[in-house]
Each structure stands twice: as structure tokens, then as C-alpha cells.
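# A structural walkthrough
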Amino acid sequence: MCGIFGYLNYLVERDRKYIIDLLIQGLQRLEYRGYDSAGMAVDGDEADEVFLYKQVGKVAELRKLIDEAAPDMTKEFTSSVAISHTRWATHGQPNPINCHPHRSDSENEFTVVHNGIITNYAAIRTFLIRAGFHFESETDTEVVAKLCKYIYDSNPTIDFTNLAKLVVKELEGAFALLIKCVHYPGELIATKQGSPLLIGVKTERKLKADFVDVEYAAAKASLLPLGSGKRGPASGAPASLAERFSGLDLRKSQSRAFISDGVPMPAEFFFASDASAVVEYTKQVVYLEDEDVAHVHDGELHIHRLKHVQGASSIRSIQTLELEIANIMKGNFDHFMLKEIFEQPESTVNTMRGRIDFANERVTLGGLVDFLPTIRRCRRIIFVACGTSYHSALATRAIFEELTEIPIVVELASDFLDRRTPIFRDDTCVFVSQSGETADTLRALEYCLERGALTVGVVNTVGSSISRNTDCGVHINAGPEIGVASTKAYTSQYIVMIMIALVLSEDRVSKQARRLEIIRGLAQIPRGIERCLAQDKTIAAICRDDFDGAKSMLVLGRGYQHATALEGALKIKEISYIHCEGILAGELKHGTLALIDEQLKSVLFALKDALYPKTCTALSQVIARGGRPVIVCHEGDDNFAGGKFEGKPVKTLEIPETVDCLQGLLAVVPMQLMAYHLARLAGFDVDFPRNLAKSVTVE
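Figured I'd write up the structure that's included with this text. Keep in mind that what you see is a predicted model, and the values were worked out from it rather than measured. (Residues numbered from 1 in each chain as written. Predicted model: local features only at pLDDT ≥ 70, side-chain atom pairs only at ≥ 80, totals over all residues. Heavy atoms only, no water.)

The next subject is the overall build of the protein chain. Looking only at helices and strands, one finds 19 helices and 31 strands in the protein chain. At 27 Å, the protein chain has a C-alpha radius of gyration in line with the 27 Å of a compact globule built from 699 residues. Out of the 699 residues belonging to the protein chain, those deemed buried represent 59%. Long-range contacts, defined as pairs at least 24 residues apart, comprise 75% of the intrachain contacts of the protein chain with a sequence gap of at least 6. (Helix = DSSP H or I, 4+ residues; strand = E, 2+ residues; numbered from the N terminus. Rg over C-alpha atoms; globule rule 2.2 N^0.38 Å. Buried < 20%, exposed > 50% of the residue type's maximum accessible area, 1.4 Å probe, protein only. Contact = heavy atoms within 4.5 Å.)

Here it is, written out as C-alpha cells:
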């Protein structure tokens, strides 16, 4: 949710047109995260001037607003700072006032962009109003800009780093911030707590080191008396800001990565919520960690922390992105979602590459090797996830239990936290997330770490918070997923969890035949998905003839296909806005059957597994009550020969047959295509559905 993109150039000449175009392009790369308005702050024509542009709607509307304002696009900047943002409303309706960046005053002394939610903003706002500040917006972010000005006005000699630290110490909740100020030209602050933020680095000469040193304070500063329930001065009158910093012995040094041999080194810095926004400019990035305060000035990046934690890393690695710009472009497809659906034959291969040796029928997961004995001895395995990731865990629960004979629990992260679920030291907790930044899943991870459980991450995004904070894990290697409705991440997560079950059971002699069957089945999955995709036109025709205009739908599945039904229904809800429910077919008689009539549209999975006879019984019950479901069945199933079932006409979608526990990998593809075509028929924006965001970074 929301997207941040910032740019700082040092001794690199850029005109205003280049800078604005760069910000617009960066925001467009982040559109998939979901937003309702956009804005930017760039250096003005005078030294202490900032131009602020904010607009409701798409980034294209912001571009139009800037063109109408007609700033001097030819003005050159040797050094400059620019910040921009796409907002997903949490406090206040989408309008230009509530849009980011937010400012400290009418002169734009401090401008701020922010992802996340500041939970104690009301207390800070009350304090600042009493101090004489007037608020323009309804947002929680504006308190940050005004708090910056309050601190600066109290002590104009304070440096930017220390000012930012005082601000950050007052904030509670989740946030990623960029702070720009006219009093510190050519400087920018970036800090995070719970929301993702990275810094891309581009220099003319090679950096002296592949890391950035972490600088920290040896003593704590007192907090401001904001009445927010946080610690203030111990006794007596509140200390002045200067006094508060008198004991703050900052360990400062020249960043070893940016040692310049006495000659200033031209550099450009790119700040973003996601690597997709910076990859076309640089592949050298630093991922900030929670409570990092990054300060860029004089062409150098410094990372500060207020306290030094025993055992914590004293550096931040400069990592090289493996992402390619072509991977985040639509190519020949109309939408990212369709592209990602059709990428699944390739993405599933990438998930298995280097991990499954099909020739020798062996599975190796390097990220888990050292922890396998611990996991095998655990009391239970608890999967924690949200949305599509939850469904992928649910889809593999049965095979996990069958192969490992360990009790498996699958939890929705928000409910897991609400119940304060008991967790024990001999539990293994698996956290599944495409982005690795999902707020509820991250909070659940923190909860389990506090209780001493072994934590495992299953994520797509390298360097994400979940991948960094878990004890071990597996990257799904699905590649960038831009469409809000997750598709290829689901199939890759599914395969990764099947592989984990295979690895955990490799020492069980009684399970070897079943394991070999699954490994051989995995080898055929990419080809099976291709055959499902070949039915795209057939599925489009079914959507047009049978489902167009539907107000409500049911998707029925049993056994391994219950999760497929849930995931298919979610896809339809997400992008076509049709009320759609995934139903366990075994529960039909416990209420759902009352809904069945000639008008209700439905899809039913009737695949040849151990529960096939029971599924056919459910189908008979639906047809007997006038229902006419579209049936997803195996190719050549005699029960549906000639387009009839028990003598009554039915419409079918045939998919290849595979191992029962892998069938969901193929069965979900028609549902993904069905959701896509229903949304197209309704004229909706497939990639950016209303009210939704790709990366849910707030609770």
C-alpha cells in the first residue's frame, strides 16, 4: 500500500524535466501497490524554495497538473533533492490536501512522504496544536512535518541527522519516511519501522566497499514531552533540545564505501518502497532495517541508529539486484495479470530449478538444510499467511500431514494475532508472503520470535523483512509480480511447500513411493499449465455466454480442491467485483444448498482423486435443484462424455490429470483466466482493482 520514490543527485547535472520525468516513471513502477492520489516535491527556482504538486487519481493526472503549472523545465541542478508518493487513503478522503507530500508550513520548510500508519499521531497533533501549529489535512503524516519544524525552531543549529532521530523517537506504529528540508539543501533523510524502504546507489567510480557502516549513539536522548505516554525528562523542567543532545555521543566516521581520496565523487541516490522502481537506474541497493536512520549528504550515505544492540550487524550490505527491467514490463500482453498467468510455465520451472534433481529424484533446499533435524522433531508446524498465501498453505496442508506425520495448523495472520495463539519453543512457524512485507504476517512473526519458536520464511522478494528476520527459509523465485491479484506467486508458493514436505520426509522409508510419485509429477507441471493456458479462448467464451452479468457465484471443491475453490473465488471477487464464495462441497447440505437455483452461477471441481465419488454426489445434488455449474474435470472423463452428466447437459473445462496433491496447480489456472475475462467483460481495471493494494503494509 502506498509507494515512495525519491531522488538525490550530487555533482551530477540534471535539469528539472529529467528529475520530474524520473519521479513520474518511478511512481508508475509503483502503481501496482495500489493508490488513489499522487504527489511530489522538487527544488524550486530559488535556494530555499520547494515546488509542491499533488493530485487525486492516477499518476497521469499528476503529470497533467505539472504540465499545466508549467515550471521552468530547463533549470539545471548540480545537486538537488526530490521526493514523491502514491497514497492509499487511511486517514482522510482522497483529495489534494490529504495527498502527500505533507509540509510543515506554507513556506514548505519541511516536506515529508510516508508509508504506513502512525498510531500515536493524535497525541502528537494535540501537542503541536497547543504549540501554535495549524493543521491543513486529516492525515497522520502531517504531524511528522510539523514536528520536524517544531524541533528545528527550538534549536536552529541542530544537524539533520539528530533532528530526524528526535522525530523518529516520538513515532509509534509502522512507517517509512523521506524527509526533505530547505535548511539542509542537498540532504535527505530516509528511515523505516515496519514498512519497506531501500536506497539505490549509482556512482561514476566503483565504490570502495560493498557495505555501508552503521553509526550509532552511545547515550540516549530524552524524549519530547508530547503527552503520548512515552518517557520524558526524569524530573524538573523540560530540558532544552541542545541539552538533550549534550550527552548524545555520536560515533561518526566517513562511510568507507564512499571514500573519495580527497576528490568529491559524483553520485545519484534513488529511494523506493520496491526494487522495481530503481532497477532501470541502478542495480546496487541497500535495504534499510527497522530503526535505521539514513542520511545522504555531500554524496555520501550514512546509516545511523540511536542504540547499539549486542550482536546486531554493524554494516548494511550493498546488494546487487538480479531483477531485469523486462520482467516488470507488460511485453505483448494487455495487462500484467494476464502476462503473469501466462508466465507460470516458466515461473514454476524457476521455482524448482537447482532444487529438484529429476534425474536422481532428489530434492535439496539449501535454506533449510541446517534446520531440518529441528523441524522434524517439532511439536507442530504452523503456517501463518494472508489472502492468496493462506490458500497456498491450505492447499498443501493435507500432503504435509501425510508425508511428515506432523500436526499442521494453517492460520490467518490477523486472526492468529487477535487470539494471541499459544506458541511454544518446540513449534515451527512458517510465514508465507509474496512481498515479504505483509503487515499482519510480520506482526505474527515478531510474536512467534518472542516466544522462541523456530521461524521459516516462504517469500518471493529477496531482502524483504520476513526473509531477513526468520531463522531460515526458501525464496519462491517466481519473479516480479505486478498485478494486484496474485497468480504466479500462488503456484510457486504451492510448489515450494510441496518441496519442503518432500525434504522433511526423505528419511521416511514408508513414504518413498509416494515421494517419488510426487517428484515425477512435479516434472510435468509446467507442461500441464501450458495445456491449461491453451484453453484461454474457451474460458473467455464461457465467461461471455454463461457468467457475464452475474451478481453472485459459487465455486465448489472438496479435498485438495477446497483451497482451489477459495483461491478461484478470491480472484473473481478481487478484480471482477462479483460476490463469489468458495465452498467446501462436503458442506453443501449444511446451508449452502438453499442458495442453489437456475439463476445462481457456479463452478465445480470434479477431479479423479480419492474423493471423486463424493464430489459427483454433490454435483448431482446441485443439478437436481436446477443448478447448472461449469465443471472442471479431467481430460477424457467418461462421466462427462458428450457434454452430459447423468443424462443432463453440462458444460465442462478439461484439464490434464496429475498426482492428486498437485492437481490444484493446474485447476487454479482456469479460475485465474476466468476472473481475468470477467473483469474485462465488465470493463474494470484488471491490474489495479478498486480499494486494494498489492503489498498490504498496514494492519
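Structure's up, so let's keep going.
Glancing now at helix H19 (residues 663-682). Between its first and last C-alpha atoms H19 spans 30 Å; for 20 residues at 1.5 Å apiece the expected length is 28 Å, and the two agree. The buried fraction of H19 amounts to 17 of the 20 residues, a majority that puts the element mostly inside the structure. Gly 683, located one to two residues past H19, shows a positive phi value of around 80°. (Expected span 1.5 Å × (residues − 1).)

In the structure shown here, the tally under the stated rule is 40 salt bridges. One salt bridge connects Glu 361 with Arg 520, and the closest N-O pair in it is separated by 2.5 Å. With a gap of 159 residues between them, Glu 361 in the loop between strand S18 (356-357) and strand S19 (362-363) and Arg 520 in helix H15 (residues 512-533) connect regions that are remote in the sequence. You can call Glu 361 partly exposed: its relative accessible area is 22%. Take Arg 520: its relative accessible area is 47%, and that puts it in the partly exposed class. One salt bridge in this structure joins Glu 411 and Arg 419, with 2.8 Å as the shortest N-O distance. By sharing partners, the salt bridges in this structure join Glu 289, Glu 291, Asp 292, Arg 305 and Arg 316 into a single network. (Salt bridge = Lys/Arg side-chain N within 4 Å of Asp/Glu carboxyl O.)

The strands that make up a sheet are held in pairs by hydrogen bonds between backbone atoms, and each pair lies either parallel or antiparallel. Taking strand neighbours across the sheet as the criterion, the 5 strands line up as S26-S25-S27-S28-S31 in an open arrangement whose pairing is parallel. With one partner strand each, in any of the chains shown, strand S26 (579-584) and strand S31 (651-655) form the two edges of the open sheet. Looking at each pair of strands side by side, their axes are set apart by 20° on average, direction ignored. Where strand S25 (residues 552-557) meets S26, 6 bridges bridge the pair, whose relative direction is parallel. Counted as the bridge partner of Val 555 is Gly 582 from S26. Packed onto the sheet, helix H17 (residues 561-576) meets S25, S26 and strand S27 (601-606) and runs at close to 175° relative to S26. Against the sheet, H19 engages S25, S27, strand S28 (630-634) and S31, with an angle of about 130° to S31. (Pairing = 2+ DSSP bridges. Axes fitted to C-alpha atoms, helices over the stretch in contact; angles between N-to-C directions.)

Note that every value here comes from positions in space, so none of it alone points to a role or purpose.
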